[in-house]
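Inside the fold
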Amino acid sequence: MQIWNTEELPDREQFAYWREVLCEAFVTLRPELAERRDLRRFPSRVTAQPLSTINVTTVQSKAHHVIRGDAEIRKSPREVYFVNLQLAGRCRYETEGRETIVGPNQFAIVDSTRPYFLDFMDDWDVFSFRIPRHMLRPLLQAPDRSTGICVSNTGALGEITISFLKSLAGRVSDLPADAAESLALDLVNLVALSVGGTEEARMGQRQSLHRGLHAAILKFIDANLADPSLSAASVAAHFRISTRYLHKVFEEWEHSFAQTVLEHRLLRCAAELEGPMDMRVSDIAFRWGFGDLSNFNRNFRQRFGLSPRDYRHRRRT
């Protein structure tokens, strides 16, 4: 992992260093501050990790403009796409005569061989994926009309793709090396499908969609664990798929849907049992979606080898 942090420098040197960081971590770019901004401090941070031939970066920075014009392209003619997933703040994109605003849980693509202007309107946080142009471009049905287009999580495919991007970016360092190439191809395929893929992209979509959908479902499960009505039917309804298809997605993984929900609930309960003792065991169980205390105790003992009360006591002693 590579890390760049402007706060390691004196305040007056931070923005000048940021110019160097952008060029080293991405391609040659020209950052500019709006005239009203104070140049005295510019705390920003970039971390970069490889995922096969894709570079995954996490960026936190302050509001400013980033320009890649003809001069920057001539200086660094690297042929890549950047898929920028906005986590916080808004960014206005200008490229190929199009203008759009991308907000949290949305992404857009830019092509390093074409000029673009990014106006980060607020302090911002982004996952950026640098994809070799030869990997993504052949999968785009209309490559020159696919950049600067906002993809959000309001549609099913957008939600699946964004969940997959977040899952990968958040766990790159934990992924086994032999899975990196396959996951990188899934990432490229899903991005292509989100902005309009070719027949080749659609041919490879089944496995990519399964993996992407699995990541999206896991995120949805974690967000709704406290709901005792969480079920295969309710999750399938949310993603507009059949319960049969939902179970089929989980066939490729170690745990079934029901086992996954149970495991996540038990882990949440175990974490709370290790915390302050201001809640009863039964309250913790009900808090995380268990409707039957005896069923909770039985499953907890099977998973951790101790009753919940013994687990709490042992962890504290």
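Residues numbered from 1 in each chain as written. Predicted model: local features only at pLDDT ≥ 70, side-chain atom pairs only at ≥ 80, totals over all residues. Heavy atoms only, no water.

The next subject is the pattern of salt bridges. Evaluated as defined, the whole model comprises 16 salt bridges. Among the salt bridges present, the one from Lys-62 reaches Asp-123, with a minimum N-O distance of 2.8 Å. Separated by 61 residues along the polypeptide, Lys-62 in the loop between β4 (54-61) and β5 (64-68) and Asp-123 in the loop between β10 (116-120) and β11 (124-132) bring together distant segments of the chain. Classification of Lys-62 as partly exposed rests on a relative accessible area of 22%. A salt bridge links Glu-99 to Arg-92, with the shortest nitrogen-to-oxygen separation between them at 3.6 Å. A relative accessible area of 55% places Glu-99 in the exposed class. (Salt bridge = Lys/Arg side-chain N within 4 Å of Asp/Glu carboxyl O. Helix = DSSP H or I, 4+ residues; strand = E, 2+ residues; numbered from the N terminus. Buried < 20%, exposed > 50% of the residue type's maximum accessible area, 1.4 Å probe, protein only.)

What follows is about the sheet that holds strand β12 (residues 151-152). Ordered in space as β1-β3-β4-β11-β6-β9-β12, the seven strands form an open sheet in which the pairing is antiparallel. Because the sheet does not close on itself, it has two edges, and the strands there are β1 (2-5) and β12. One ladder, built from six bridges, connects strand β6 (residues 80-88) with strand β9 (residues 106-111); its direction is antiparallel. Counted as the bridge partner of Gln-86 is Gln-106 from β9. Across the sheet, helix α5 (residues 177-195) touches β3 (45-51), β4, β6, β9, β11 and β12, and the angle it forms with β9 is around 95 degrees. (Pairing = 2+ DSSP bridges. Contact = heavy atoms within 4.5 Å. Axes fitted to C-alpha atoms, helices over the stretch in contact; angles between N-to-C directions.)

Looking now at the sheet that holds β5. Taking strand neighbours across the sheet as the criterion, the five strands line up as β2-β5-β10-β7-β8 in an open arrangement whose pairing is antiparallel. Only two strands of the sheet have a single neighbouring strand rather than two, namely β2 (30-32) and β8 (98-102). For this sheet, the mean inter-axis angle between neighbouring strands, taken without regard to orientation, is 15 degrees. One ladder, built from five bridges, connects strand β7 (residues 91-95) with β10; its direction is antiparallel. By the bridge assignment for β10, Thr-95 is matched with Tyr-116. Sitting on the sheet, helix α1 (residues 14-25) touches β2 and β5, and the angle it makes with β2 is about 150 degrees.

Taken by themselves, the reported measurements are silent on function.
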